Amino acid sequence: LPFLLLSLLPLLQSTHTACITDHYRDLTADVFKEQNNARTNPTAFANRIDTEILAYITSDNILNKPNYPRIRYSEGKPAVQEAIDALKGTDSMSGLTEEIGLSKACFDHVDDMGPKGATGHSGSDGSSPWDRMDRYGSVGGGRAENIAYAGWPTGFDYVAQLIIDDGV
C-alpha cells in the first residue's frame, strides 16, 4: 500500500490564529509519523485499527467512540475488516522522508481550497495535484494525492480512514 499523503485538508477558515496554525502543524507531523508507522509495521497498524476503530462501529455503521465525531460509514465493518486484512498481508516497507516541495504543494492547495470550503483535487485555478507538485521541482517515481476532510483528532485517525477508504 503506497501511502503518500500529500494533502491533509481540514476545512480551514480564512483567518488563522497561532493556536490553530500550531495545531495543524502538529497534526500534519502526526499524520506523517503515522503514515510511516503503517508502512514500516503494517500488522501493528492493522491491530490498532481493530482495537481503536472496528470495535467502536455499531450495527448501523456509526463510529460511536467516546470523544470522537459521530461518523456514519457507508460500508461499515466490512470495509474496516478489509483494510485490516490488507495491512496484515502487506510486507513492511521503508518509511518516507518529507519532501519540502511536496509539502509546499500540499499547503498551496490547503490555502486555496480551505477558506472557500471547497473540496476535490482540482484547485480553484484548475490546477491538478501534478501541476502543484511541478511548481516546486521534479519528483521521481509515482505521485499521488490523498485528501482527508473529516476533522479527526489524531494523525492515526486520518491515516486509518484513508486506508479504510469507506464508501469510495
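The numbering scheme is per chain: residues are counted from 1 as the chain's sequence reads. The predicted origin of the model limits local features to residues at a pLDDT of at least 70 and limits the giving and counting of side-chain atom pairs to 80 or more, whereas totals for whole chains, interfaces and linings rest on all residues. Side-chain descriptors were evaluated using all non-hydrogen atoms of the structure, hydrogens and water having been removed beforehand.

**Remarks on the packing of helix α2 (residues 42–52) against helix α3 (residues 77–88)**
Inference 1: Note on geometry: axes are C-alpha line fits, over the in-contact stretch for helices, and angles between N-to-C directions span 0 to 180 degrees. Under the DSSP-based scheme used, a helix requires at least four consecutive residues in state H or I and a strand at least two consecutive residues in state E, with every element numbered from the N terminus. For the pair α2 and α3, interaxial distance at closest approach is 8 Å and the crossing angle is 160°. Of the possible angle classes, the one that applies to α2 and α3 is roughly antiparallel. Where α2 crosses over α3, the two elements pack in a sense that is left-handed. In contact with Pro42, Thr43, Phe45, Ala46, Asn47, Ile49 and Asp50 of α2, α3 contributes Val80, Ile84, Leu87 and Lys88.
Inference 2: Taken together, the residues of the contact of α2 with α3 sort by class into seven nonpolar, two polar and two charged. When an angle is under 35 degrees it counts as roughly parallel; over 145 it counts as roughly antiparallel; between 65 and 115 it counts as roughly perpendicular; any other value is oblique. Whether a crossing is left-handed or right-handed is set by the direction in which the near helix is turned from the far one by less than a right angle, anticlockwise for left-handed and clockwise for right-handed. When checking whether two residues touch, look at their non-hydrogen atoms; a contact exists if any pair is within 4.5 Å. Only Asp, Glu, Lys and Arg are considered charged in this grouping, and only Ala, Val, Leu, Ile, Met, Phe, Trp, Tyr, Cys and Pro are considered nonpolar; every other residue, Gly among them, is considered polar.

**Topic: the side chain of Gln161**
Inference 1: Structurally, Gln161 is set in helix α6 (residues 155–164).
Inference 2: Type-normalised accessible area, obtained with a 1.4 Å probe on protein chains alone, sets the label of each residue: buried when under 20%, exposed when over 50%, and partly exposed for intermediate values. Look at Gln161 and you get buried, because its relative accessible area is 15%.

**As for the environment of His109**
Inference 1: With respect to the helices and strands, the residue His109 is situated in helix α4 (residues 100–113).
Inference 2: Of the residues examined, His109 reaches a relative accessible area of 1% and is grouped as buried.
Inference 3: For the pair His109 and Ser124, spaced 15 residues apart in the sequence, the C-alpha separation amounts to 8.9 Å.

**A word on the nonpolar core**
Inference 1: By convention a nonpolar core is built from buried Ala, Val, Leu, Ile, Met, Phe, Trp, Tyr and Cys residues, the set being connected through side-chain atoms within 4.5 Å. Counting 24 residues, the largest nonpolar core has Phe45, Ile49, Ile53, Tyr73, Val80, Ile163 and Ile164 as the members making the most contacts within it.
Inference 2: Sorting the residues of this core by element identifies α1 (18–40), α2, α3 and α6 as the ones contributing at least two each.
Inference 3: The element that contributes the greatest number of residues to this core is α6, accounting for six residues.
Inference 4: With residues up to four places along the chain from it excluded, the contact list for Ile164 reads Ile49, Ile53, Tyr73, Ala79, Val80 and Ala83.

These results come straight from atomic positions and should not be treated as a statement about function.
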